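One-letter residues, chain by chain:
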Amino acid sequence: MSVLSLAAAHAAGKGKESDAVFTVLKEANAAIATLGREKVVNASIGSILDEEEKFVVLPSVDEYFRRLPAVELMNYAPIAGLPEFLEAAIADTFQGNQPPNTYARAVSTPGGTGAVRNTFNNYLEKGQKALIPDWFWGNYRTIAEEHQLGIETYEMFDKEYNFTLNSVKEKTLALLRTQNNLVIVFNTPAHNPTGHSMTKEEWADILGFLKDCAGDESKRIVILVDMAYIDYSGDLKKTRSFMQLFGNLPDNILVTFAYSMSKAYTMYGQRSGALVGLSGSVKIAEEFSEINTFSCRGVWSNGTRGPQRLLADVYKNAELKARIDTERAAYSELMKKRADIFLKEAREVGLKTLPYNTGFFITVPAPEPRAVTQKLVLDNIYALHLKKGVRFAICATPTHKIPGLATKTKEALG
Ligand SMILES: Cc1ncc(COP(=O)(O)O)c(C=O)c1O
């Protein structure tokens, strides 16, 4: 007897594709081991590295976290999260921009990943599709597949690579013809992988459109704002001003936010974040709490207590919060400096990039991305090939290694 698989039908075949980022990272590390760090540009990884390519931890976060008593690090947190953490996560999400007459609720999740997971799972029926951008964080697809859901993509840019809402509107109408539940993902500001940020006017436009769609009360529309990179996008309050537009929405539109402490507090591996829900209806907000708390219990039980305690305490200590915000802002500036160099050179050599405002990544559209990254490897440059382009993690590339990258990419494109 030769049994080749015991997996259930829905699980069979999962996990065959290796994670693209980690594959490139492995290759880059192998090159570093033979050639030395200085000879290699590793623009693959999505965490901030300093000018010596060391992993960045915000010093005040590090210091405070290490001084937490053992019980705050080791003990369980309540299933939904420490109540003070939930209040702090809501405050950190809106930073003063929650619209009047709305109800916000939160549950703790293991990072933004858990927040995306709960939204997909709880607001779509099995087999339905989540609507996500065509340039997207690959994990959206994985999370959808893991929960026997599908994805549909909308085009973020027109043929000249200008941002457009036309496609998301068309795809919304098309999906609403075949399914009553709709989850639409907007990863903004500082979208991964392009660094694009939607304007407040664009938000007003899409919300007006979605309100019209919600005129049909059989439709249930969930807007998922993936804000993983928001704190590196400029003034904390101003970059969230679009959230003020989420007032006066009909009860069949719910806004959810994937709130993450990974980048904002450099606590990636601590796996902390929250799913925040916002509704004009207290009933919908209460339902949000109930179903998502149940999901927490049924999937990961409770979140890690340490980061929750840290965030709760940060929100009770204005001086500590100010220090963390200042330390983080310095890294936003550093990434801006790196991006400016890349983009200026790209303009000079006529290399097209996708619209970049802020953030960890710059992406160059390419008809054959794999061929481009393979050519770049000949110059010891490691970037990530996507389906329609090449992503450069400027968050991880020290400033002195940026000059020349755009020129080499232009050459590799042929
Ligand atoms: C677009 C996007 N959303 C969400 C996340 C979630 O990260 P985490 O689960 O660590 O909060 C990431 C992380 O890379 C991301 O790039």
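Calculation criteria
Once a new chain begins, its residue numbering starts again from 1 and follows that chain's sequence as written. Only residues with pLDDT of at least 70 are given local features in this predicted model, and only at 80 or more are side-chain atom pairs given and counted; all residues enter the totals for whole chains, interfaces and linings. Think of it this way: take the backbone, place a C-beta atom on it, and check whether that atom is within 6 Å of the molecule or strand, in which case the residue is near it. Counting from the N terminus, the helices are the DSSP runs of H or I reaching at least four residues and the strands are the DSSP runs of E reaching at least two. Throughout this entry, Asp, Glu, Lys and Arg are counted as charged residues, while Ala, Val, Leu, Ile, Met, Phe, Trp, Tyr, Cys and Pro are counted as nonpolar. The remaining residues, Gly among them, count as polar. The term nonpolar core refers to a set of buried Ala, Val, Leu, Ile, Met, Phe, Trp, Tyr and Cys residues connected through C-beta atoms within 7 Å. Here exposure depends only on C-beta density: within 10 Å of a residue's C-beta, 20 or more other C-beta atoms make it buried, 12 or fewer make it exposed, and intermediate numbers make it partly exposed, the C-beta atoms being placed from the backbone. Note that the domain bounds reflect an automated or database-derived domain assignment. Multiplying 1.5 Å by the residue count of a helix minus one yields the expected span of that helix. Whether two strands pair comes down to DSSP finding at least two bridges between them. The contact criterion used here is simple: two residues whose C-beta atoms, placed from the backbone, lie within 7 Å are in contact. Angles here are taken between N-to-C directions and fall from 0 to 180 degrees, while the axes themselves are lines fitted to C-alpha atoms, restricted in helices to the stretch in contact. Between 65 and 115 degrees an angle is taken as roughly perpendicular, under 35 as roughly parallel, over 145 as roughly antiparallel, and anywhere else as oblique.

Looking at the site of the ligand
With respect to spatial proximity, 14 residues lie near the ligand, and among them Gly111, Gly112, Thr113, Ser260 and Ser262 are the closest. Of all the secondary-structure elements, those providing two or more residues to the shell around the ligand are α5 (111-123) and β7 (253-260). In terms of residue count, the dominant contributor to the shell around the ligand is α5 (three residues). Among the residues making up the shell around the ligand, the classes are represented as four nonpolar, nine polar and one charged.

Side note on the nonpolar core
Counting 113 residues, the largest nonpolar core has Ala89, Val183, Val276, Phe342, Phe392 and Ile394 as its most contacted members. Taken domain by domain, the makeup of this core includes at least three residues from each of domain 1 (20-58 + 329-413) and domain 2 (78-316).

A short note on helix α1 (residues 20-35)
In a regular helix each residue adds 1.5 Å, so 16 residues correspond to 22 Å; α1 covers 23 Å between its end C-alpha atoms and thus fits that length. Directly after α1, the chain includes Gly36, whose backbone phi takes a positive value near 95 degrees.

Topic: the environment of Ser272
Considering the arrangement of structural elements, one finds Ser272 in the loop between β7 and β8 (273-279). For Ser272, a count of 30 C-beta atoms within 10 Å corresponds to the buried category. Residues Ser272 and Thr93, 179 residues apart in the sequence, show an inter-C-alpha distance of 14 Å.

Description of the sheet that holds strand β9 (residues 361-365)
In any sheet, the strands associate via hydrogen bonds between backbone groups, in a parallel or an antiparallel arrangement. Read across the open sheet, the three strands follow the order β9-β12-β11; overall the sheet is antiparallel. Only two strands of the sheet have a single neighbouring strand rather than two, namely β9 and β11 (384-385). Pairing of β11 with strand β12 (residues 389-393), which is carried by two bridges, proceeds in the antiparallel orientation. Counted as the bridge partner of His385 is Val390 from β12. On the sheet, helix α12 (residues 369-378) packs against β11 and β12 and is oriented at approximately 45 degrees with respect to β12.

What about the packing of helix α2 (residues 59-66) against helix α11 (residues 318-349)?
Contact pair α2 / α11: the axes reach a minimum separation of 8 Å and the direction vectors enclose 135 degrees. On the basis of the axis angle, α2 is oblique to α11. In contact with Pro59, Ser60, Val61 and Tyr64 of α2, α11 contributes Leu320, Arg323, Ile324 and Glu327. Looking at the contact of α2 with α11, its residues break down into five nonpolar, one polar and two charged.

So, the domain arrangement of the protein
When the domains of the protein are assigned, the result is domain 1 (20-58 + 329-413) and domain 2 (78-316). The partner domain 2 presents 21 residues to the 22 residues of domain 1 that form the contact. Within the residue set of the side of domain 1 that touches domain 2, elements represented by two or more residues are α11 and β9. With four residues, the top contributor of residues to the side of domain 1 that touches domain 2 is β9. Split by residue class, the side of domain 1 that touches domain 2 holds 14 nonpolar, six polar and two charged.

Let's talk about the pairing of strand β2 (residues 103-109)
With respect to burial, β2 is a largely interior element, six of its seven residues being buried. Pairing between β2 and β8: seven bridges, direction antiparallel. Considered in β8, the bridge of Thr109 is made with Gly273.

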